[in-house]
Amino acid sequence: DNMGCLPLHLVAQHGKGWNEEVEMLYNSYPSAVRVRAGVVLGNRLPIHMAASNPNAKGSLIARLVELNPRAASQSDREGKLPLHLACESGKAWEQGSEAIYDAFPGAISQPEQNSPRWTALQMAAACPTSGANLISNLLLLHSESARMPDTRGRYALHLACISGKSWTGG
């Protein structure tokens, strides 16, 4: 379309799960998983869109990662990796964050490439809808993130408090 979206981008941006209709769409143009949308949409790959889509289920994210595992290590125009976007949207660990992590474990320690320089943990802590399961998995896999301040000197604990998390809720 005029914003550089292919049908697979729209599915990733607005869809829920991977089903046989999406599989047929993919089979009609398999290269779509490696095509970035236009500048207006942040030069995002389908995995970026699915990771930031609050309705995307684990089946959609896992299949996109399976079809293009390299995409898990690629940033969008804002300098965010798919794991950053999944954490920023509060995506549960089992609903896609784990599949993205498995494809590119280095994302857990890599800060976003923009001025806040948040890690996946900081993004999850700042998200009002992220759960304790996501945060605890991020901490188990990279506890050093809890000791990394952003460019304003805020740690994940500060961001969790600002977002209204309870002690047991994150």
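In what follows, the structure referred to is the one given above.
We now turn to the structure provided with this report. This structure is a prediction, so every number in the text was calculated from the model and none was measured.

1. A look at the side chain of Asn53
Item 1. With respect to the element layout, Asn53 can be found in the loop between α3 (46–52) and α4 (58–67).
Item 2. Separated by 3.2 Å, the side chain of Asn53 and the backbone oxygen of Gln13 make a polar contact.
Item 3. A polar contact of 2.7 Å, which involves the side chain of Asn53, links it to the backbone nitrogen of Asn55.
Item 4. Contacts of Asn53, omitting those with residues within four sequence positions, involve Ala12, Gln13, His14, Gly15 and Lys91.

2. Remarks on the packing of aromatic side chains
Aromatic ring pairs are described here by two measures, namely the spacing of the ring centres and the angle between the planes.
Item 1. All chains considered together, the criterion is met by 2 aromatic pairs.
Item 2. Their ring planes at 45 degrees and their centres at 5.8 Å tell us that Trp93 and Tyr101 sit as a pair that is tilted. Taken as a pair, Trp93 and Tyr101 share a single burial class, namely buried.
Item 3. One residue, Arg63, lies across the ring of Tyr26, its end atom 5.9 Å from the ring centre.

3. A few points about the pattern of salt bridges
Item 1. This structure, assessed with the given rule, holds 6 salt bridges.
Item 2. Here Arg63 makes a salt bridge to Glu23, at a shortest N to O gap of 2.9 Å. A residue pair is termed long-range when its members are at least 10 positions apart, and Arg63 in helix α4 and Glu23 in helix α2 (residues 20–28) qualify at 40 residues.
Item 3. Overall, the relative accessible area of 18% leaves Arg63 in the buried class.
Item 4. Under the relative-accessibility criterion, Glu23 is labelled partly exposed at 21%.
Item 5. A salt bridge links Lys80 to Glu88; its shortest N-O distance comes to 2.6 Å.
Item 6. Here the salt bridges do not stand alone but share partners, grouping Glu23, Arg63 and Glu66 into one network.

Calculation criteria
- Residues numbered from 1 in each chain as written.
- Predicted model: local features only at pLDDT ≥ 70, side-chain atom pairs only at ≥ 80, totals over all residues.
- Heavy atoms only, no water.
- Helix = DSSP H or I, 4+ residues; strand = E, 2+ residues; numbered from the N terminus.
- Polar contact = N/O pair within 3.5 Å; in protein donor to acceptor, adjacent residues only side chain to side chain.
- Contact = heavy atoms within 4.5 Å.
- Phe/Tyr/Trp six-rings, centres within 6.5 Å; stacked < 30°, edge-to-face > 60°.
- Buried < 20%, exposed > 50% of the residue type's maximum accessible area, 1.4 Å probe, protein only.
- Lys NZ or Arg CZ within 6 Å of the ring centre and 35° of its normal.
- Salt bridge = Lys/Arg side-chain N within 4 Å of Asp/Glu carboxyl O.

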